[in-house]
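The chain contents come next:
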Amino acid sequence: MKILVINTGSSSIKYELFDMAHQRRLASGLAEKIGEHMSLVTHRRFMSGEEPVLKVVDTAIPDHVKGMHCIADLLMDPKEGVARKRDDIVAVGHRVVHGGERFRSTTVIDNAVMSAIRQNIPLAPLHNPSNLIGIEVAASLFPNALQVAVFDTAFHQTLPMRAFLYAIPFEFYEKNRVRRYGFHGISHACVAEEAAIYMDRPLGGLNLIAIHLGNGASMAAIQGGKSIDTSMGMTPLAGLVMGTRSGDIDPSIPLLLGGISGMSLKEIDELLNRESGLKGICGTNDMRDVISRMEAGDERAAIAIDIYAYRIRKYIGAYVAALERLDAVVFTAGIGENVPLIRALCCRGLKRLGIEVDPERNLAAGNGVREISPAGSEVKVLIIPTDEGLKIARETIRMLESRPGARR
Ligand code: ADP
């Protein structure tokens with residue numbers, strides 16, 4: 001049973017093909033620079049027991065329709081393909097960034113769902129239009145496959161009002177739906193489920209702090225398996241210090257920037273989303289580079305790391321207060337899974353909250369779920385690799401199997 005997972009951006013399509021009978025990734029890739037003079041498709045094919053085979057295709061891809069055709073051709077190549085024909089793909093799972101307040105869980109896509117995603121465009125003007133294009137193109141290319149939307153915001157729709165409402169005039173919530181939505185929900189949900197499996201306890205009885213540290217970064221306070229608070233807000237700009245995003249700042253700063261330097265709203269948006277965070281402080285957004293510069297004695301890189309970890313530490317303290325009881329802290333994504341220094345700094349001085357990192361366990365290499373708190377700790381500190389693609393594929397299968405008349 002093959003499931004295609006798609007994440008469509010304004011000029012890119014990320015894709016993964018899964019064989020769900022064996023919960024295995026067959027291929028993955030990225031078509032990028034769509035609409036530009038020269039586009040690029042990087043395609044990886046995974047065969048069991050072999051190194052992934054990489055294929056790079058340079059070609060002009062004028063639009064997403066051509067992009068999807070190109071991807072389908074790679075997946076169904078008579079010699080090197082991983083599927084024989086289009087109908088082998090029984091469902092397509094789409095990552096949709098913003099489900100607003102309407103979507104609290106994964107849904108099968110129909111016309112009403114399309115128009116609801118369209119209505120949420122003002123909340124995610126950069127992402128939802130591309131997601132809609134992806135759905136339309138996939139539906140025309142795979143007309144017999146079920147199209148399913150998995151939302152990045154849905155997991156956080158359980159936030160109570162005290163956590164999602166901003167203290168600005170209430171009418172902006174009523175009329176314009178200005179509130180905290182939170183993002184990275186697919187990843188937070190994925191690692192929460194894996195934590196429950198690892199700890200051999202029902203998710204409904206677990207209180208967790210999930211820390212997703214990739215280029216974007218966010219945290220979630222998860223009580224009884226449900227998100228009760230999260231660090232990103234109405235947009236992904238809020239909360240933690242990220243690669244190029246500022247995270248929390250005094251909300252007057254953008255207003256002052258306009259006054260002080262005459263910057264336009266668009267320029268301020270660009271500054272806070274693309275030129276701030278680690279990059280803004282030390283000039284580099286990739287954590288590997290920031291760390292090697294710090295190790296070479298660069299003071300700006302050192303302060304960037306200090307600020308980065310201090311913000312996370314403060315949020316851990318806040319979420320311990322929100323959760324009242326804590327069972328585990330989970331680190332995930334590129335930085336969370338791979339950088340012992342950041343994990344150690346984030347948990348420094350938190351022993352009185354029951355949170356401690358064992359230096360040796362933290363440094364030990366490994367795959368899969370790893371426990372880095374000392375044996376017998378009150379709170380487990382875990383590294384759990386996130387797999388958003390597989391989570392979307394599993395959600396998609398769940399939708400397929402819950403349809404009336406589905407074979408069980
Ligand atoms: P995203 O999916 O948000 O684009 P990732 O989860 O891939 O991001 O995380 C990207 C970040 O993780 C970058 O800052 C990168 O430097 C860091 N990272 C990834 N792998 C490693 C590693 N092995 N060592 C140090 N940092 C890493």
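Note: the structure precedes this text.
Below you will find a few notes about this structure. This one's a predicted model, so the numbers in the text were calculated from it and none came from an experiment.

This model, assessed by the stated rule, comprises two cavities of 30 Å³ or more. Approximately 50 Å³ is the volume found for the largest cavity. Forming the boundary of the largest cavity are His43, Arg45, Val53, Lys55, Leu74, Asp77 and Glu80. Going through the elements one at a time, β4 (39-45) and β5 (53-59) are the ones with two or more residues in the lining of the largest cavity. Taken together, the residues of the lining of the largest cavity break down into two nonpolar, one polar and four charged. Empty space within the second largest cavity amounts to approximately 30 Å³. For the lining of the second largest cavity, the secondary-structure elements that each account for two or more residues are α6 (185-199) and α15 (388-401). Residue classes in the lining of the second largest cavity are distributed as two nonpolar, no polar and five charged.

Here the focus is the site of the ligand. Residues in close proximity to the ligand include Gly214, Asn215, Gly216, Asp286, Met287, Arg288, Ala333, Gly334, Ile335, Asn338 and Val339, which together make up its full environment. One of the backbone N or O atoms of Met287 is found 3.0 Å from an oxygen atom in the ligand. Between the ligand and Ile335 there is a distance of 3.4 Å, counted from an oxygen atom to a backbone nitrogen or oxygen. For the ligand, the protein covers 66% of the area, taking 570 Å² as the surface of the free molecule. Sorting the residues of the shell around the ligand by element identifies α10 (287-295) and α12 (333-338) as the ones contributing at least two each. Take the shell around the ligand: its biggest share by element is four residues, from α12.

Conventions we followed
Residues numbered from 1 in each chain as written. Predicted model: local features only at pLDDT ≥ 70, side-chain atom pairs only at ≥ 80, totals over all residues. Heavy atoms only, no water. 1 Å grid on protein atoms, 1.4 Å probe; cavity = no way out; pocket = protein on both sides within 12 Å on 5 of 7 lines; lining within 4 Å. Points joined across faces, edges and corners; volume = space filled by probe spheres on them. Helix = DSSP H or I, 4+ residues; strand = E, 2+ residues; numbered from the N terminus. Nonpolar A, V, L, I, M, F, W, Y, C, P; charged D, E, K, R; others polar. Near = heavy atom within 4 Å. Polar contact = N/O pair within 3.5 Å; in protein donor to acceptor, adjacent residues only side chain to side chain. Areas by Shrake-Rupley, 256 points an atom, 1.4 Å probe, with all protein chains shown as cover.

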